[in-house]
Amino acid sequence: MDYGHDLQFGTFLSPANQPAGRPVELAQLSERVGLDLATFQDHPYQPALHDAWTLMSYIAARTERISLAGNVLNLPLRQPVVIARSAANLDLLTGGRIELGLGAGAFWDAIEASGGRRLTPGQAVIALDEAIQIIRGVWAAEDPRALRVDGTYYSVSGAKRGPAPAHDMGIWIGAYKPRMLRLTGRAADGWLPTLGYLPGGPSDLAELNSHIDEGAQEAARAPGDIRRLLNISGRFSSSSNGFLDGPADQWAEELAGLTLEYGISGFILGSDDPTMIERFGVEVAPAVRELVRDERQQGHPDAQGSSLRADSTGAAGATAPPGSTTLSTAPTADNGVRLSDRTSWDESTRPVAPPAPAGYVYTRRAEAVGQHLIDVHDHLRQELTEVRDIIRQVIEGALGVGDARSVINTMTLRQNNWTLGAYCASYCRTVTQHHALEDAQIFPHLRKSDSGLVPVIDRLEEEHVVIHEVLEDVDAALVRVIGETNDFTGLQEAVDILTDTLLSHLSYEEREIVEPLARYGFFAGQLSESG
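Because the structure is a prediction, the values reported are computed rather than measured. (Residues numbered from 1 in each chain as written. Predicted model: local features only at pLDDT ≥ 70, side-chain atom pairs only at ≥ 80, totals over all residues. Heavy atoms only, no water.)

### Some thoughts on the overall build of the chain
Helix and strand counts for the chain stand at 15 helices and 13 strands. A burial count over the chain gives 50% of its 531 residues as buried. A sequence separation of at least 24 residues applies to 75% of the contacts in the chain between residues at least 6 apart. Taken as a whole, the chain presents about 23,100 Å² of accessible surface, with 51% of it coming from carbon and sulfur. (Helix = DSSP H or I, 4+ residues; strand = E, 2+ residues; numbered from the N terminus. Buried < 20%, exposed > 50% of the residue type's maximum accessible area, 1.4 Å probe, protein only. Contact = heavy atoms within 4.5 Å. Areas by Shrake-Rupley, 256 points an atom, 1.4 Å probe, with all protein chains shown as cover.)

### Observations regarding helix 9 (residues 274–297)
Compared with an ideal rise of 1.5 Å per residue, which puts 24 residues at 34 Å, helix 9 spans 34 Å between its outermost C-alpha atoms and is within 8% of the ideal. The buried fraction of helix 9 amounts to 17 of the 24 residues, a majority that puts the element mostly inside the structure. The N-terminus of helix 9 is capped by D273, whose side-chain oxygen sits 2.9 Å from the backbone nitrogen of T275. Backbone geometry just after helix 9 places G299 at a positive phi near 80°. (Expected span 1.5 Å × (residues − 1). Polar contact = N/O pair within 3.5 Å; in protein donor to acceptor, adjacent residues only side chain to side chain.)

### Considering the environment of H211
Position of H211 relative to the elements: it lies in helix 7 (residues 204–218). Sequence separation between H211 and R179 is 32 residues; the distance between their C-alpha atoms is 8.0 Å. Every residue in contact with H211, bar those within four places of it in the chain, is listed here: P178, L181 and R182.

### Looking at the pairing of strand 10 (residues 227–232)
The element strand 10 is extensively covered by neighbouring structure, given that six of its six residues are classed as buried. By the alternation rule, side chains of strand 10 split into R227, L229 and N231 and R228, L230 and I232, which are all buried. In this structure, strand 9 (residues 190–191) lies alongside strand 10, joined through two bridges in parallel fashion. In the strand pairing of strand 10, W191 is matched with R228. The parallel pair strand 9 and strand 10 is bridged by helix 7, and the resulting crossover is right-handed. One ladder, built from five bridges, connects strand 10 with strand 13 (residues 264–270); its direction is parallel. (Pairing = 2+ DSSP bridges. Right-handed = clockwise from strand over helix to strand, strands pointing away.)

### Topic: the packing of helix 3 (residues 80–94) against helix 5 (residues 121–139)
Viewed as axis vectors pointing N to C, helix 3 and helix 5 meet at an angle of 45°, and their least axial separation amounts to 8 Å. Put simply, helix 3 runs oblique to helix 5. As for how helix 3 packs across helix 5, the hand of that crossing is right-handed. Two secondary-structure elements touch here, helix 3 through P80, V81, I83, A84, R85, A87 and A88 and helix 5 through A131, I134, I135, V138 and W139. Tallied by class, residues from the contact of helix 3 with helix 5 come to eleven nonpolar, no polar and one charged. (Axes fitted to C-alpha atoms, helices over the stretch in contact; angles between N-to-C directions. Parallel < 35°, antiparallel > 145°, perpendicular 65-115°, else oblique. Left-handed = near helix turned anticlockwise from the far one by under 90°. Nonpolar A, V, L, I, M, F, W, Y, C, P; charged D, E, K, R; others polar.)

### Let's talk about the pairing of strand 1 (residues 8–13)
Within strand 1, six of the six residues are buried, which leaves the element mostly enclosed by the surrounding structure. Across the two faces of strand 1 the burial is the same, with Q8, G10 and F12 and F9, T11 and L13 all buried. Pairing between strand 1 and strand 13: five bridges, direction parallel. Residue G10 lies in a different strand from strand 13, and its bridge partner there is I268. Of the pairings in the sheet, the one linking strand 1 to strand 2 (residues 37–40) comprises four bridges and is parallel in character. Across the sheet, the residue bridging to T11 is A38, located in strand 2. In this fold, the crossover linking strand 1 to strand 2 by way of helix 1 (residues 22–32) has right-handed handedness.

### So, the side chain of N17
Tracing the backbone shows N17 in the loop between strand 1 and helix 1. Exposure remark for N17: the relative accessible area of 17% places this residue in the buried category. Sequence-distant contacts of N17, that is, excluding residues within four places in its chain, are made with P47, A48, L49 and H50.

### Remarks on the pattern of salt bridges
One pass over the full model with this rule turns up 28 salt bridges. Put simply, E283 and R279 hold a salt bridge, and the shortest N to O gap is 2.8 Å. Of this pair, E283 and R279 are both found in helix 9, four residues apart, which corresponds to roughly one turn of the helix. Judged by its relative accessible area of 8%, E283 is buried. The class of R279 is buried, set by a relative accessible area of 6%. Here R388 and D496 are joined by a salt bridge, their closest N and O atoms 3.1 Å apart. With R388 in helix 10 (residues 364–396) and D496 in helix 15 (residues 489–520), this pair connects stretches of sequence that are 108 residues apart. Classification of D496 by relative accessible area gives buried; the value is 10%. One continuous salt-bridge network, built from bridges that share partners, spans D42, D51 and R78. (Salt bridge = Lys/Arg side-chain N within 4 Å of Asp/Glu carboxyl O.)

### Structural notes on the confidence of the model for the chain
Within the chain, residue pLDDT values average 84, and 85% of them lie at 70 or more. Low pLDDT (under 50) marks residues 412–440, which in the prediction has 78 contacts with non-local residues, meaning those over four places away or in another chain. (pLDDT = per-residue confidence, 0-100.)

### Brief notes about the environment of I111
Note on placement: I111 falls in helix 4 (residues 108–113). Once the C-alpha coordinates of I111 and H43 are considered, the two residues, 68 residues apart in sequence, prove to be 8.8 Å apart. Once you skip the residues sitting within four places of it in the chain, I111 turns out to touch Y45, N74, P76, L77, G105, A106, G116 and R117.

So this is what it looks like as structure tokens:
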């Protein structure tokens, strides 16, 4: 049964506190590759883990778009009124990027050792029900009455309501047993289990869904009111070895099947591997959206089209063409503005890529591949803006030179192989045996795909080296400022040259290879029909 929800994709990241910044970096990566959610387990009794709420608050300030959620928050060690207000306040601060995942508790020895109350499974269901009532009561800020809930395990007597969240925040429950599932159907907005905990695998979802649907109907709710999410794990490989163990296209087909057959509309990847996260965001998520959309538009027998909402891949009910002979993905134009009189290269000597074959048809997936390069570059352009702001703060005395160097050194554009090769190395991997010895980066793939691109690729690689040297010059200028605190001329000049060089290069790269990427992909086989 497809409940017709828009699709969401996210990560289930370990909140390990050594090294402290690792989960933050992975959440930022999740955002950068286009995922919708970053989620975190919550075990307040475990000193090796960050406190989930503290971690989410910090990550919220270091990200811009991605939503955050506990997966799931440990209710026995968190008081419901405090949960409600904490979630609402963080949602307000982030402009509506928080969802509330709740768990009734599982590791009772550790909970009790940390001051929590041990409950039986039946008691935990009642306690969770009472907590949800309190949380929703706190969020009902428009109700002038004092909040009163006379529960067995959680009670409030005259508490003030508010604040309300910035958006209609979902309460997602991690549940497996029939009684808890029926509670999810009656009182929650989403269900968040882990596939690995289902003894029968995906086939168990049908029975578990039936309990949620039963609870919803008992409360006069539609079963489709409850979103079904799923924590998943797997492995990318060149051949199929089992469920979620194979090529990205196999993942896409299997996840689309979970949507159409079992109503799963949120897929959360449990992995701290950057390669896995990148491939999941760039290859799998768009392909699942495309498959599900096409099935829904063709009238899949299990799809409830009446509840289908538009998602990021297109409007509900629209008829999408199979492709177009015009590539709509537009490279970012170079506006010609230069801040420095010094130049790093002669732009007039840049080679030009050969034209596309006449009548070539670009599919939606091809468009997405070309767009991904632009999205990567947009992130680098944003980081450049941040670099200029950091230097401005140094010049104005608002930031120390040491702090500026530290921040810049953590940025994507500061890494040795900062550009497309590094960002896309995880995508540009061999997919058949005869590719096993090839260099797993995009430029060798494009060289092999089209000999006419070789001069362009050579030039781009040469410019990567120059940009690295320009970044070294910025670092050296920062060092010099330490001994020449009143003279920032060299530092400003170095940053201006970086700006001219980087923006010119990014525009050139997009102009020449966005279209080839839409024909050849990041790696062999990415855009083939068979995958």
